[in-house]
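# Coordinate analysis (summary)
Here's the letter readout for the chains.
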Amino acid sequence: MAMAVVWVIMVTASVACGAAGGRMAEVSAAALDGARSAVELCVSLAGVLCLWSGFMELLKQCGLEKKLAAMFRPLLGRLLPHASRDAETMAAVSGNLSANLLGLGNAATPLGIRAARRMALGAEGTASDELCRLVVLNTASVQLLPTTVAAVRSGCGAAAPFDILPAVWVSSLLSVTVGLLAARLLERAVR
């Protein structure tokens, strides 16, 4: 709701400034050009999102999701010990982690929600420490292939959309590390 108010204020201010300055033609042209660019960007992103979401569905259909869960189990078992006891929760967490590794926030979200719902069962409205760590893992997310960002860069005309890989690897690794450390510190501070 707050962002809707911000957008309404920005659009109203733009139109008012354009009218006051006698530049309504430029404001109208910019609005139409922005709308065209937004549609082009959405179409270019749709292909990439469909490709990688389909890839994640293939992992699930082929049974590779369970193999990924087994591969991630040692690491996730240390981070989420209670959740690691439930195979379906671990499959959702592993799928979420896999989608985030591929930079697919949109494909990772449903899996993260499924894992969070399963982890919240019986919590009576209070998030557990593990659920908070899952949120940190999902939000900070280590990305090996930032496909969505690369698709946006490609759609905006970048010559080498994946030339950001080293920066993405370092920043995502740092964000996950700092997020998990902060979660651990806050767990101890609350107790």
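A few points on the structure. (Residues numbered from 1 in each chain as written. Predicted model: local features only at pLDDT ≥ 70, side-chain atom pairs only at ≥ 80, totals over all residues. Heavy atoms only, no water.)

Turning our attention to the overall build of the protein. A count of helices and strands for the protein gives 8 helices and 0 strands. The helix and strand sequence of the protein, counted from the amino end, reads α-α-α-α-α-α-α-α. Taking 191 residues into account, the globule formula puts the C-alpha radius of gyration at 16 Å, and the protein, at 21 Å, lies well above it. The dimensions of the protein, computed from C-alpha atoms along their principal axes, are 65 × 40 × 30 Å. The burial tally for the protein puts 31% of its 191 residues in the buried class. At a minimum sequence separation of 6, the contacts of the protein that also span at least 24 residues come to 65%. Counting 16 positive and 12 negative side-chain charges, the protein places the averaged centre of each group 8 Å from the other. (Helix = DSSP H or I, 4+ residues; strand = E, 2+ residues; numbered from the N terminus. Rg over C-alpha atoms; globule rule 2.2 N^0.38 Å. Buried < 20%, exposed > 50% of the residue type's maximum accessible area, 1.4 Å probe, protein only. Contact = heavy atoms within 4.5 Å. Lys, Arg positive; Asp, Glu negative; His and termini not counted. Charge placed at Lys NZ, Arg CZ, Asp CG, Glu CD.)

A separate point is the packing of helix H4 (residues 87-101) against helix H5 (residues 105-120). The geometry of H4 relative to H5 is characterised by a closest axis approach of 8 Å and an angle of 155 degrees between their N-to-C directions. Classified by the interaxial angle, the pair formed by H4 and H5 is roughly antiparallel. You can see that H4 and H5 cross each other, and the crossing is left-handed. Here Glu88, Thr89, Ala92, Val93, Gly95, Asn96, Ala99 and Asn100 of H4 come into contact with H5, specifically with Gly105, Ala107, Ala108, Leu111, Gly112, Arg114, Ala115, Arg118 and Met119. Grouping the constituent residues of the contact of H4 with H5 by class yields 8 nonpolar, 6 polar and 3 charged. (Axes fitted to C-alpha atoms, helices over the stretch in contact; angles between N-to-C directions. Parallel < 35°, antiparallel > 145°, perpendicular 65-115°, else oblique. Left-handed = near helix turned anticlockwise from the far one by under 90°. Nonpolar A, V, L, I, M, F, W, Y, C, P; charged D, E, K, R; others polar.)

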